[in-house]
Amino acid sequence: FAPRIISADEMARVIACADARPASRCGPQTQPVYAMLVRLLWCCGLRIGEALSLRVGDVNLVDAVITVRKAKHNRTRLVPMSESLAAHARRYAVAVGLVPENPAAWFFPSPRGGGYNPGSATAHIQGLMFEAGVTTASGRAPRTHDLRHSYAVASLAKMQADGVDVYAALPLLATYMGHADIVSAEYYLRLDPSAWAAIEQAMADTYASVFPHEAV
């Protein structure tokens, strides 16, 4: 199976669609919930179940750190947020009425007062993707889990662009995503087609005699 790697431009369209959605008759909190949720999945690479399981006390809006508790293999980890994501999370908390005095409340409260079902949340996010024109080769919306794959690809590319050695970057990425080792993190990585031109240019001198351009 090859996941659909979503680009930053495509995700910007998905977020724009989430921001533009009118308030639902099912509950006025639905629109801000999904606008926050898609940002969290894209910016932190959380699993959908991890995100929907968050409680108010798990999201430290002062220090911009998320505590993911008892995730896969019963692991707990700390996930720092960027300042821009933390700023949106603070605005979201005010809009939805989340207060630190109620740390056990759901960070993503459903209209019925409980947490969201991962299946229904996935369907809603896929609807946003389809609306934004982000589809697979078959014309369907990507899986929500493809956002996690996309996060891994984008994060590694950014670290490499910032000069971080890939052998040092992989353990960092694995820890942030909650993997036991780099092998699990490597499963999420795919070669971004946008890198092909740079790879060809970098290897041109090495393979010039192997793949000659002139007719033979």
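Residues numbered from 1 in each chain as written. Predicted model: local features only at pLDDT ≥ 70, side-chain atom pairs only at ≥ 80, totals over all residues. Heavy atoms only, no water.

Draft legend 1. Spatial organisation of the packing of helix 1 (residues 8-20) against helix 5 (residues 118-131). Between helix 1 and helix 5, the least distance of the axes is 8 Å, while the angle of their chain directions is 115°. The angle between the axes of helix 1 and helix 5 places the two elements in the roughly perpendicular class. Relative to helix 5, helix 1 is oriented so that their crossing is right-handed. Within the contact between the two elements, helix 1 uses Val-14, Cys-17 and Ala-18 and helix 5 uses Leu-128, Met-129 and Glu-131. Considering only residue class, the contact of helix 1 with helix 5 consists of five nonpolar, no polar and one charged. (Axes fitted to C-alpha atoms, helices over the stretch in contact; angles between N-to-C directions. Helix = DSSP H or I, 4+ residues; strand = E, 2+ residues; numbered from the N terminus. Parallel < 35°, antiparallel > 145°, perpendicular 65-115°, else oblique. Left-handed = near helix turned anticlockwise from the far one by under 90°. Contact = heavy atoms within 4.5 Å. Nonpolar A, V, L, I, M, F, W, Y, C, P; charged D, E, K, R; others polar.)

Draft legend 2. The arrangement of the pattern of salt bridges in detail. Per the stated rule, a full pass over the model turns up eight salt bridges. Among the salt bridges present, the one from Arg-77 reaches Glu-50, with a minimum N-O distance of 2.9 Å. Here the residue Arg-77 occupies a position in strand 3 (residues 77-80), and Glu-50 occupies one in helix 3 (residues 48-52), the gap between them amounting to 27 residues. Taken together, the shared-partner salt bridges connect Arg-47, Glu-50 and Arg-77 into one network. (Salt bridge = Lys/Arg side-chain N within 4 Å of Asp/Glu carboxyl O.)

Draft legend 3. Up close: unusual backbone geometry. With phi around 60°, Ala-64 is a residue other than glycine that occupies positive phi space. Relative to the helices and strands, Ala-64 resides in the loop between strand 1 (59-60) and strand 2 (65-68).

Draft legend 4. Inspection of the state of the cysteines at higher detail. Tallied over the full model, the rule gives zero disulfides. Left without a disulfide partner, Cys-43 is nearest to the cysteine sulfur of Cys-44, which lies 6.2 Å away. In this structure Cys-43 comes out as partly exposed when scored by relative accessible area, which is 34%. (Disulfide = S-S within 2.5 Å. Buried < 20%, exposed > 50% of the residue type's maximum accessible area, 1.4 Å probe, protein only.)

Draft legend 5. Here's a closer look at the side chain of Arg-39. Its place among the elements puts Arg-39 in helix 2 (residues 30-44). At a separation of 2.7 Å, a polar atom in the side chain of Arg-39 contacts the side chain of Asp-19. Not counting the four nearest positions on each side in its chain, Arg-39 is found in contact with Ile-15, Asp-19, Leu-85 and His-88. (Polar contact = N/O pair within 3.5 Å; in protein donor to acceptor, adjacent residues only side chain to side chain.)

Draft legend 6. Quick peek at the sheet that holds strand 3. With antiparallel pairing, three strands are arranged side by side in an open sheet as 1-2-3. The sheet is open, and its two edges are formed by strand 1 and strand 3, each paired on a single side. Two elements, strand 1 and strand 2, share two bridges in a ladder whose sense is antiparallel. Bridge assignment links Asn-60 to a residue of strand 2, and that residue is Val-65. (Pairing = 2+ DSSP bridges.)

In short, shape yes, function no, at least from these values alone.
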